[in-house]
Structures are given as C-alpha cells and as structure tokens.
Amino acid sequence: MDKNKILAFRKEMKKSPFKIWLRAFLLVQFSFIFGVYLFHDIGNGYFKWEWVALLILFFIPVGFLMSHIVPMQANIEERAVTLSLDKIYLVLIWILVIGKLLASYVFHVETISDVIMCTIIGIMGGRLGGIGIRVRKLKRSNNFI
C-alpha cells in the first residue's frame with residue numbers, strides 16, 4: 001500500500017462515523033463477553049439481574065459526562081467532525097478491566113468483578129450516547145447536515 005493511501009485511510013479513520021461505529025462495536029463486544037460472565041455468576045447466585053440493570057443505569061450518566069472530554073472538532077474543508085483519542089477514558093477502562101481480572105481470577109471476588117463489568121458497560125454506553133449527541137450538535141452548528 002502506498003503512503004498516500006495509508007494517509008488517506010488514517011484521515012478517514014479520524015472522522016466521526018468511523019469512530020462512533022468503532023465505539024459501538026466495542027460496546028457490543030464488551031457487553032457480550034461480560035454478559036457471558038454475568039449469566040454464569042447470576043446462575044451461581046453471586047449476583048442478580050436487578051443489580052446489573054441498576055448499576056448500568058447508574059453509570060450511564062458518568063459515561064455521558066465523560067463524553068464531554070473527548071477531543072473533537074469540525075473540519076470545515078471536509079465537512080466532517082473528527083475525534084481524537086481520549087487518554088483519560090482509555091486509562092480508566094484499562095484500570096477497570098485489570099481490576100475485573102484481578103477480582104475474578106486472583107482474589108476470587110465475583111461480586112466485585114460483576115460490579116466492575118456493569119460499570120464498564122454503563123460508562124461505555126453513556127459515553128457513546130454523549131459523543132453521538134455532541135457530534136450531531138457540531139454538525140448542525142457547522143451546517144454539515
């Protein structure tokens with residue numbers, strides 16, 4: 001692949017549709033994987049579906065608030081919104097995933113592991129929704145729609 005094609009592809013990857021679909025895919029992937037763990041833990045009596053729903057609903061606003069720190073800007077020339085990497089969110093998710101792994105595989109505290117999984121799903125979902133709203137608002141204010 002020549003250098004111009006690589007640069008064009010990287011430029012396209014920064015645009016909001018690609019980033020939003022990527023985040024949606026990651027949310028579905030995490031939800032599926034964590035759903036398997038939650039199904040197992042609930043079946044063994046460690047956790048309850050009501051707790052799952054409450055925890056996810058509790059952390060959606062946290063994710064929504066975190067969407068406000070995602071660097072994004074309107075590119076007038078390309079009539080697109082571009083998003084950059086949010087390092088705070090990336091570090092937070094890694095810490096939570098490592099905490100989940102330690103809680104379940106090292107300390108064998110399934111309840112804490114389940115709380116962490118619900119936290120991750122809630123934050124990811126709220127953040128995705130907040131990013132979508134911010135992108136739409138930027139597109140409207142710059143007449144991209």
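Residues numbered from 1 in each chain as written. Predicted model: local features only at pLDDT ≥ 70, side-chain atom pairs only at ≥ 80, totals over all residues. Heavy atoms only, no water.

*Asks:* Help me out: how do you make sense of the packing of helix H3 (residues 49-66) against helix H5 (residues 110-141) in this one?
*Replies:* The packing of two helices is summarised by the inter-axis angle and the distance between the axes. Axis separation between H3 and H5 bottoms out at 6 Å; the angle between their running directions is 40°. Our classification of the angle between H3 and H5 gives oblique. Considering the relative orientation of H3 and H5, their crossing is right-handed. On the side of H3, the interface is formed by Val52, Leu55, Ile56, Phe59, Ile60, Val62, Gly63, Phe64 and Met66, while H5 contributes Val115, Cys118, Thr119, Ile121, Gly122, Ile123, Gly126, Arg127, Gly129, Gly130 and Ile133. Taken together, the residues of the contact of H3 with H5 sort by class into 13 nonpolar, six polar and one charged. (Axes fitted to C-alpha atoms, helices over the stretch in contact; angles between N-to-C directions. Helix = DSSP H or I, 4+ residues; strand = E, 2+ residues; numbered from the N terminus. Parallel < 35°, antiparallel > 145°, perpendicular 65-115°, else oblique. Left-handed = near helix turned anticlockwise from the far one by under 90°. Contact = heavy atoms within 4.5 Å. Nonpolar A, V, L, I, M, F, W, Y, C, P; charged D, E, K, R; others polar.)

*Asks:* Help me out: how do you make sense of the pattern of salt bridges in this one?
*Replies:* Two side chains carrying opposite charge are able to pair once their charged atoms lie near each other. Using the criterion set out here, one finds one salt bridge in the structure. In this structure, Arg127 engages Asp86 in a salt bridge whose closest nitrogen and oxygen atoms are separated by 3.5 Å. Placement of Arg127 in helix H5 and of Asp86 in the loop between strand S2 (80-83) and helix H4 (87-106) is noted, with a sequence separation of 41 residues between them. Owing to a relative accessible area of 4%, Arg127 belongs among the buried residues under this scheme. Judged by relative accessible area, which is 4%, Asp86 ranks as buried. (Salt bridge = Lys/Arg side-chain N within 4 Å of Asp/Glu carboxyl O. Buried < 20%, exposed > 50% of the residue type's maximum accessible area, 1.4 Å probe, protein only.)

*Asks:* Hey, could you run me through the environment of Lys139 in this one?
*Replies:* Here Lys139 is to be found in helix H5. Residue class for Lys139 comes out partly exposed when judged on its relative accessible area of 23%. Expressed as a C-alpha distance, the spacing of Lys139 and Pro71, which sit 68 residues apart in the sequence, is 15 Å. Excluding its chain neighbours within four sequence positions, the residues that come into contact with Lys139 are Ser16, Val81, Phe144 and Ile145.

*Asks:* Honestly, the packing of H4 against H5 in this entry has me stumped. Any pointers?
*Replies:* One can describe the packing of H4 onto H5 by two numbers: an axis separation of 8 Å at closest approach and a directional angle of 160°. The orientation of H4 relative to H5 falls into the category roughly antiparallel. Of the two possible hands of crossing, H4 and H5 adopt the one that is left-handed. When H4 is examined against H5, the residues Tyr89, Leu92, Ile93, Leu96, Val97, Gly99, Lys100, Ala103 and Ser104 are found in contact with a partner set consisting of Glu110, Ile112, Ser113, Ile116, Met117, Thr119, Ile120, Ile123, Met124 and Arg127.

*Asks:* Can you walk me through the confidence of the model for the chain in this structure?
*Replies:* Predicted coordinates in regions of low pLDDT should not be interpreted in detail. Model confidence for the chain is summarised by a mean pLDDT of 90, while 92% of its residues fall at 70 or above. By mean pLDDT, helix H1 (residues 3-13) is the weakest element of the chain at 67, and H3 is the strongest at 97. (pLDDT = per-residue confidence, 0-100.)

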